[in-house]
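Coordinate inspection notes
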Amino acid sequence: MTLRVVLADDQALVRTGFRMIIDARDDLRVVGEASDGGEAVRLTRELAPDVVLMDVRMPVVDGIEATRRIVADGSRARVLVLTTWDVDAHVVAALRAGASGFLLKDIRAPDLVDAIRVTARGDALLAPTVLSRVLDRFLRTTPDPAPPPSLRDLSGREREVLTLIGQALSNAEIAGRLRLSEATVKNHVTAVLRKLGLRDRVQAVVAAYDHGLVRPRRP
């Protein structure tokens, strides 16, 4: 299956570079380009891509607001936010808006391609340089204006799985920790996302932190 990608960046040269990298892969194809957030929202509605590569700083409508609108539209597209700025506030705002990942623009071409594939699968994706700092410090101290989804419909096992997702563990790691099969863990993850109305694992990470299920790591 070919993954369809929309590029949203106000710099044409950046979009051209990303297009060359993406279109060189047999399983990826750029289907549209946007120079501002408003255009990105429109193209996402029209083209129904699998992934939107979204710059943060754009004119008219910025990438964070565009992400919020795409999610509010109910689009199945995953938004992967890219920026030249390693700024924690941007990471938190993007995650709160519904982004499925966050990377810096200096990422290597093979890693960018892998990031698109990971994001399309619905897995959590953050640049390693910002992951632990954001999860441990900023998500906990920067509340979402909207209340987090209630956990009352989760079983005890599903709460355990959500807690481990919040620790950024993979399905294989969760399976090992709980002594379950990966297939069983996958079923639990699917149930957690469905019951909480979450788009993907990264939103489950946010929910785990909002509910205090994850303790900050010690320095």
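Look up: the structure comes first, before these words.
Note that this is a predicted model, so its numbers are computed, not measured.

What counts, and where the lines are drawn
Residues numbered from 1 in each chain as written. Predicted model: local features only at pLDDT ≥ 70, side-chain atom pairs only at ≥ 80, totals over all residues. Heavy atoms only, no water. Helix = DSSP H or I, 4+ residues; strand = E, 2+ residues; numbered from the N terminus. Expected span 1.5 Å × (residues − 1). Polar contact = N/O pair within 3.5 Å; in protein donor to acceptor, adjacent residues only side chain to side chain. Contact = heavy atoms within 4.5 Å. Axes fitted to C-alpha atoms, helices over the stretch in contact; angles between N-to-C directions. Parallel < 35°, antiparallel > 145°, perpendicular 65-115°, else oblique. Nonpolar A, V, L, I, M, F, W, Y, C, P; charged D, E, K, R; others polar. Buried < 20%, exposed > 50% of the residue type's maximum accessible area, 1.4 Å probe, protein only.

Moving on to helix α5 (residues 109–121). For an α-helix, the turn length of 3.6 residues means that residues three or four places apart are oriented alike. End to end, α5 covers 19 Å across 13 residues, agreeing with the expected 18 Å (1.5 Å per residue, within 8%). In the stretch just after α5, Gly122 is the one whose phi turns positive, near 90°.

Moving on, we get to the side chain of Arg15. Relative to the helices and strands, Arg15 resides in helix α1 (residues 12–23). A polar side-chain atom of Arg15 sits 2.6 Å from the main-chain carbonyl oxygen of Asp9. With near-sequence residues (within four places) excluded, Arg15 lies in contact with Leu7, Asp9, Asp10, Glu33, Ala34 and Ser35.

Let us look at the packing of helix α8 (residues 171–178) against helix α9 (residues 182–196). Two elements in contact, α8 and α9, have axes whose closest approach is 9 Å; the angle formed by their N-to-C orientations is 110°. It follows from the interaxial angle that α8 and α9 lie roughly perpendicular. Contacts between α8 and α9 involve Asn171, Ala172, Ile174 and Ala175 on the former and, on the latter, Glu182, Val185, Lys186 and Val189. By residue class, the composition of the contact of α8 with α9 is five nonpolar, one polar and two charged.

Looking now at α9. Under the 1.5 Å per step criterion, the end-to-end length of α9 is 21 Å for 15 residues, consistent within 8% with the ideal 21 Å. For α9, the full list of buried residues reads Val185, His188, Val189, Ala191, Val192, Leu193 and Leu196. Buried residues in α9 make contact with α7 (156–166), α8 and α10 (201–210). Looking one or two residues past α9, Gly197 carries a phi angle of roughly 65°, positive in sign.

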